[in-house]
There are 2 protein chains.
Amino acid sequence: MIVTVTPNPALDITYDLPALRPHTSHRVAAVHEQAGGKGVNVARVLHALGHPTTAVLPLGGPTGEAVRADLDRCGLAHLAVPLAPGASTRRTVAVVDPADATVLNEPGPELSTEHWAALLTAVRSLLPAARALVLSGSLPPGLRPGAYADLVRLAHEQGVPVVLDADGAALTEALDAGPTVVKPNAAELRHATGIADPLDAARALADRGARTVVASLGPDGLLAVTPDGTWRARLPPEPVVRGNPTGAGDAVVAALAVALAERSPWPQALARAVALSAAAVRAPHAGRFDRQAYRSHLPLVQILPAGPSPRPGSSGP
Amino acid sequence: MIVTVTPNPALDITYDLPALRPHTSHRVAAVHEQAGGKGVNVARVLHALGHPTTAVLPLGGPTGEAVRADLDRCGLAHLAVPLAPGASTRRTVAVVDPADATVLNEPGPELSTEHWAALLTAVRSLLPAARALVLSGSLPPGLRPGAYADLVRLAHEQGVPVVLDADGAALTEALDAGPTVVKPNAAELRHATGIADPLDAARALADRGARTVVASLGPDGLLAVTPDGTWRARLPPEPVVRGNPTGAGDAVVAALAVALAERSPWPQALARAVALSAAAVRAPHAGRFDRQAYRSHLPLVQILPAGPSPRPGSSGP
């Protein structure tokens, strides 16, 4: 089983419109809503891949009820920690017109130290059965930036590998605890290190404690700095993969978690991650992917060594 | 007691932003949400004016639960008719930046004939204690446009006067039943009659069955075609009343319902409606008004006869 933790989940609402016209009223014809937050999206991909998964997340209020109802409807196993009375899970609203998406992210309710402790207890109860732990997305207001380090240490105590997908201090403050894999995107990598070159920046994150760094660089694919070597993995530039990039990073995280759980070699793990990411771009909502596109992209992924000096360490992730 | 009916209520969500930039992501710092829909806004104004009121509305799903929680929190008495299992009350999202509001209106769940019958039963149960009935806002998908006529007839059977605030066919199909007052705005008046001149258009609506027509013309105030005479009521052009016009029409409806309940003379009713509408513009959210502005605007309202030929009928609304 792979456990995903989403400290700041959301009800993701999508409105499809012919065009968003600021400062006017719109009748929305098509409303889509689903349980969201990066860890939930990862769980959705894992479930679709046929991997047993449990999503751990705080939920509260009517919006939390809507998230729970969607998880039930989709058959996604979850362990929900209640929020404080009166607190309600946040929403995100994506207004999608033919040009692109306009996104409105609510901040989410505060999570107290007490509720964070309840979430740690929930994760601890699942770790004996877990083959990988995924920590994904923003930390809610009220939590100290080092909160993810608690979970990394908890997993290491049980010998469970960890994929961390976070930004800013939530990422950098967890490096000391030695997450097995971190997956920043290009902007997050630059933001966390202040270094413009992705390879130098990824190496800097590895020096600060991450055992492996897999950076997602959009159409340029993945860059992986691992104990076994450094690789670039990408699809050929043509044909261009068009669609909705929301959730592509979550598909990468799902593939990396599967690789950790199955102890796959890195080149295979990266190929699957690139193909799954492209298949997610082809699906309209986060956490979904186009199975046909996954199958057809997989043999096309190019894996190239990207650096001369593998660091000493065990082989495989 | 004044009963308000809101066939298509909503959870009104407001996001305050420094600027809405299409096709980018926004972190929303301030989220406001409240029970909404025109009839709910009217009930909120009536409650704030100290008039006993009961809001009748269909509610369902997690969003319906959030609407109910807000009504409870605000002390607004309500009689909720459950939606079909799985159906959820709609949302509206207003993104407010310093320039203006950008509004996204969900269509709302279908209301079946069976659920409409349950709503009629709920209203019937309240009519013996009612001094006025307010019918306000759009009809949900699935209802025939003549649905409001059922409620007008039900009220007339019990001798209860009715204010109807609706658009398009929901308005015109109810005229046969003889609503006591209809309150279109300028666009709705033109839309319903095809006549550009507001006075001619209001007279046409009266000819088609409305006993009184009170048209709200924005900064030009109100135009009333009544059995006792025709008036224009407005504030002086200076100083300009600035603020959020959402909910100003609902404040007019609330004032007209009070006038019907108290059998006030039309000039007094119109003065209160204009002052209350301006006070609503000064408040940030629909259904609220600035009490101080209400008191200070009331003596400034100008009431002028607007037409030569009062139709025969009883005096007062």
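Residues numbered from 1 in each chain as written. Chains lettered and ligands numbered in written order. Predicted model: local features only at pLDDT ≥ 70, side-chain atom pairs only at ≥ 80, totals over all residues. Heavy atoms only, no water.

## Let's talk about the overall build of chain A
Of regular secondary structure, chain A possesses 10 helices and 15 strands. For chain A, the C-alpha radius of gyration of 19 Å lies close to 20 Å, the compact-globule estimate for 317 residues. By its C-alpha atoms, chain A is 55 × 45 × 40 Å across when sized along the principal axes. A total of about 12,600 Å² of accessible surface is found on chain A, and carbon and sulfur atoms cover 53% of it. Charged side chains of chain A number 27 positive and 27 negative; the gap between the two group centres comes to 4 Å. (Helix = DSSP H or I, 4+ residues; strand = E, 2+ residues; numbered from the N terminus. Rg over C-alpha atoms; globule rule 2.2 N^0.38 Å. Areas by Shrake-Rupley, 256 points an atom, 1.4 Å probe, with all protein chains shown as cover. Lys, Arg positive; Asp, Glu negative; His and termini not counted. Charge placed at Lys NZ, Arg CZ, Asp CG, Glu CD.)

## So, the packing of aromatic side chains
Remark: the centre distance and the inter-plane angle together describe each pair of aromatic rings, the angle taken between the planes. Residues and elements named next belong to chain A. Evaluated as defined, the whole model comprises 2 aromatic pairs over all chains. Ring centres of phenylalanine 289 and tyrosine 294 lie 6.1 Å apart, and the angle between their planes is 80°; on these two criteria the pair is classed as edge-to-face. Residues phenylalanine 289 and tyrosine 294 agree in their burial class; the two are buried. (Phe/Tyr/Trp six-rings, centres within 6.5 Å; stacked < 30°, edge-to-face > 60°. Buried < 20%, exposed > 50% of the residue type's maximum accessible area, 1.4 Å probe, protein only.)

## Re the pattern of salt bridges
Think of it this way: side chains of opposite charge can pair up when their charged atoms draw near. Going through the model one piece at a time under the given rule, you end up with 20 salt bridges over all chains. A salt bridge links A:Arg44 to A:Asp70, with the shortest nitrogen-to-oxygen separation between them at 2.9 Å. Linking A:Arg44 in helix α1 (residues 38-48) with A:Asp70 in helix α2 (residues 61-73), this pair joins segments that are 26 residues apart in sequence. Here the two residues A:Arg44 and A:Asp70 agree in accessibility, since each one is buried. B:Lys38 serves as the salt-bridge partner of B:Asp250, at 3.8 Å between the closest nitrogen and oxygen. One end of the pair, B:Asp250, is in helix α8 (residues 248-262); the other, B:Lys38, is in helix α1 (residues 38-48), with 212 residues separating them in the sequence. (Salt bridge = Lys/Arg side-chain N within 4 Å of Asp/Glu carboxyl O.)

## Remarks on the packing of helix α3 (residues 113-126) of chain A against helix α4 (residues 147-157) of chain A
All names here are of chain A. With their axes 11 Å apart at the nearest point, α3 and α4 run at an angle of 20° to one another. Between α3 and α4, the interaxial angle falls into the category roughly parallel. In terms of crossing hand, the pair formed by α3 and α4 is right-handed. On α4, the residues touching Trp116, Leu119, Leu120, Val123 and Arg124 of α3 are Ala147, Tyr148, Asp150, Leu151 and Leu154. Looking at the contact of α3 with α4, its residues break down into 8 nonpolar, no polar and 2 charged. (Axes fitted to C-alpha atoms, helices over the stretch in contact; angles between N-to-C directions. Parallel < 35°, antiparallel > 145°, perpendicular 65-115°, else oblique. Left-handed = near helix turned anticlockwise from the far one by under 90°. Contact = heavy atoms within 4.5 Å. Nonpolar A, V, L, I, M, F, W, Y, C, P; charged D, E, K, R; others polar.)

## Some details on the side chain of A:Thr226
Residue and element names in this part refer to chain A. Looking at the element boundaries, threonine 226 is found in strand β13 (residues 222-226). On the basis of relative accessibility, which here comes to 1%, the residue threonine 226 falls in the buried class. At a separation of 2.9 Å, a polar atom in the side chain of threonine 226 contacts the main-chain amide nitrogen of aspartate 228. Side-chain polar atoms of threonine 226 contact the backbone oxygen of glycine 229, separated by 2.8 Å. (Polar contact = N/O pair within 3.5 Å; in protein donor to acceptor, adjacent residues only side chain to side chain.)

## Considerations on unusual backbone geometry
Residues and elements named next belong to chain A. With an omega of -5°, the peptide bond between glutamate 238 and proline 239 qualifies as cis. Following the sequence through the fold, proline 239 ends up in the loop between β14 (229-234) and α8 (248-262). The backbone of histidine 23 sits at a positive phi, close to 70°, despite the residue not being glycine. Position of histidine 23 among the secondary structure elements: in the loop between β2 (10-16) and β3 (25-27).

## So, the sheet that holds strand β9 (residues 132-136) of chain A
All names here are of chain A. Within the open sheet, the 10 strands sit side by side as β6-β5-β1-β9-β10-β11-β12-β13-β14-β15. Their pairing is mixed. For this open sheet the edge positions go to β6 (78-82) and β15 (302-305), each flanked by a neighbour on one side alone. Both β14 and β15 contribute to a ladder of 4 bridges, which runs antiparallel. Counted as the bridge partner of arginine 234 is glutamine 302 from β15. Across the sheet, α2 is in contact with β5 (53-59) and β6; its angle to β5 comes to roughly 170°. (Pairing = 2+ DSSP bridges.)

## Examining helix α3 (residues 113-126) of chain B
All names here are of chain B. Helix length check: α3, at 14 residues, gives a terminal C-alpha distance of 20 Å against a target of 20 Å (1.5 Å per residue), a fit within 8%. Of all the residues in α3, the buried ones are His115, Trp116, Leu119, Leu120, Ala122, Val123 and Leu126. End-on view of α3: buried residues confined to an arc of 160°, all on one side of the axis. Opposite the buried face of α3, at more than 90 degrees from it, the exposed residues are Thr113, Glu114 and Ser125. (Expected span 1.5 Å × (residues − 1). Arc of directions from axis to C-beta.)

## Brief notes about the side chain of A:Thr89
With respect to the helices, strands and loops of the structure, A:Thr89 is situated in the loop between β6 and β7 (90-96). Ignoring any residue separated from it by four or fewer positions in sequence, one finds A:Thr89 in contact with A:Pro9, A:Ala10, A:Pro58, A:Leu59, A:Gly60, A:Thr63, A:Gly64, A:Val67, A:Leu83 and A:Pro109.

## Topic: the interface of chain A and chain B
Across the contact, 32 residues belong to chain A and 32 residues belong to chain B. When the two sides are added together, the surface that chain A and chain B hide from each other amounts to roughly 2,500 Å², 59% of it contributed by carbon and sulfur. Our enumeration of links across chain A and chain B arrives at 2 salt bridges. Ionic pairing is found between B:Arg91 and A:Glu33, a salt bridge with its closest N-O pair at 2.5 Å. Seen at the junction of chain A and chain B, the total is 16 residue pairs in polar contact (both at pLDDT 80 or more). For the side of chain A that touches chain B, the secondary-structure elements that each account for two or more residues are β2, β3, β4 (30-36), α2, β7 and β8 (101-105) of chain A. Take the side of chain A that touches chain B: its biggest share by element is 5 residues, from β8(A). A per-class count over the side of chain A that touches chain B returns 18 nonpolar, 6 polar and 8 charged. Both β3(A) and strand β8 (residues 101-105) of chain B contribute to a ladder of 3 bridges, which runs parallel. By the bridge assignment, A:Ser25 is partnered in β8(B) with B:Val103. (Buried area = accessible area lost by both parts, 1.4 Å probe.)

## Here we look at the packing of α8(B) against helix α9 (residues 266-281) of chain B
The description of two helices packed together rests on the angle between their axes and the distance between the axes. All names here are of chain B. Running from amino to carboxyl end, α8 crosses α9 at an angle of 150°, the nearest separation of the two axes being 8 Å. Judged by the inter-axis angle, α8 sits roughly antiparallel to α9. The chirality of how α8 crosses α9 is right-handed. Of the residues in α9, those touching α8 at Ala248, Ala251, Val252, Ala255, Leu256, Ala259 and Glu262 are Trp266, Ala269, Arg272, Ala273, Leu276, Ser277, Ala280 and Val281. Partitioned by chemical class, the residues of the contact of α8 with α9 number 12 nonpolar, 1 polar and 2 charged.

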